[in-house]
Amino acid sequence: LLAAVLRDLRRPDVDAHLQAALALDPNDPDALDVRGVVRGSAGDVAGARADLERADLLDGRSLARAYNLGTILLDALRPEEALPHLQAAASDPHAQ
């Protein structure tokens, strides 16, 4: 299922819809969050980080965003940068 979702995130129309949403509201944390994940799955670590960190500034710290950024950095072979984000995500008392 996750592979299918990631494959769908790489479709060109997803990027077009995100760009349209952000053109209407450049401060939409949900659109920034999704675009960050899309950018990360495409290997754009800097773009992903910028979007996810901006979404956090606008909407408050999100454990899901911390996890997403941590895994993006880990996939990019940047474990030292990933660790604080993954630790923040793991700090959720409801995490299993």
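Undergrad: In this structure, what is going on with the environment of A31? I would like to understand it.
TA: Relative to the helices and strands, A31 resides in helix α3 (residues 29-41). Separated by ten residues in the primary sequence, A31 and A21 place their C-alpha atoms 6.8 Å from one another. Apart from residues no more than four positions distant in its own chain, A31 is found in contact with L18, A21 and L22.

Undergrad: I keep staring at unusual backbone geometry and nothing clicks. Help me out?
TA: Comment: phi is negative for the bulk of residues other than glycine, and the bulk of peptide bonds are trans. A positive phi angle, close to 60°, is found at L77, a residue other than glycine. Here L77 is to be found in the loop between α5 (63-75) and α6 (79-90).

Undergrad: Is there a simple way to think about the packing of α3 against α5 in this case?
TA: Close contact between α3 and α5 brings their axes to 10 Å; oriented N to C, the two are set at 20°. In terms of their interaxial angle, α3 and α5 are classed as roughly parallel. Relative to α5, α3 is oriented so that their crossing is left-handed. Of the residues in α5, those touching α3 at P29, D33, G36, V37 and G40 are R65, N68 and I72.

Undergrad: Just to check I follow, could you spell out the side chain of R35 for this structure?
TA: Counting through the fold element by element, R35 comes out in helix α3. Owing to a relative accessible area of 12%, R35 belongs among the buried residues under this scheme. Polar contacts involving the side chain of R35 include one to the side chain of D51, which spans 2.7 Å. In this view, R35 contacts L18, Q19, L22 and D51; residues no more than four positions away in its chain are not counted.

Parameters and conventions
- Residues numbered from 1 in each chain as written.
- Predicted model: local features only at pLDDT ≥ 70, side-chain atom pairs only at ≥ 80, totals over all residues.
- Heavy atoms only, no water.
- Helix = DSSP H or I, 4+ residues; strand = E, 2+ residues; numbered from the N terminus.
- Contact = heavy atoms within 4.5 Å.
- Axes fitted to C-alpha atoms, helices over the stretch in contact; angles between N-to-C directions.
- Parallel < 35°, antiparallel > 145°, perpendicular 65-115°, else oblique.
- Left-handed = near helix turned anticlockwise from the far one by under 90°.
- Buried < 20%, exposed > 50% of the residue type's maximum accessible area, 1.4 Å probe, protein only.
- Polar contact = N/O pair within 3.5 Å; in protein donor to acceptor, adjacent residues only side chain to side chain.

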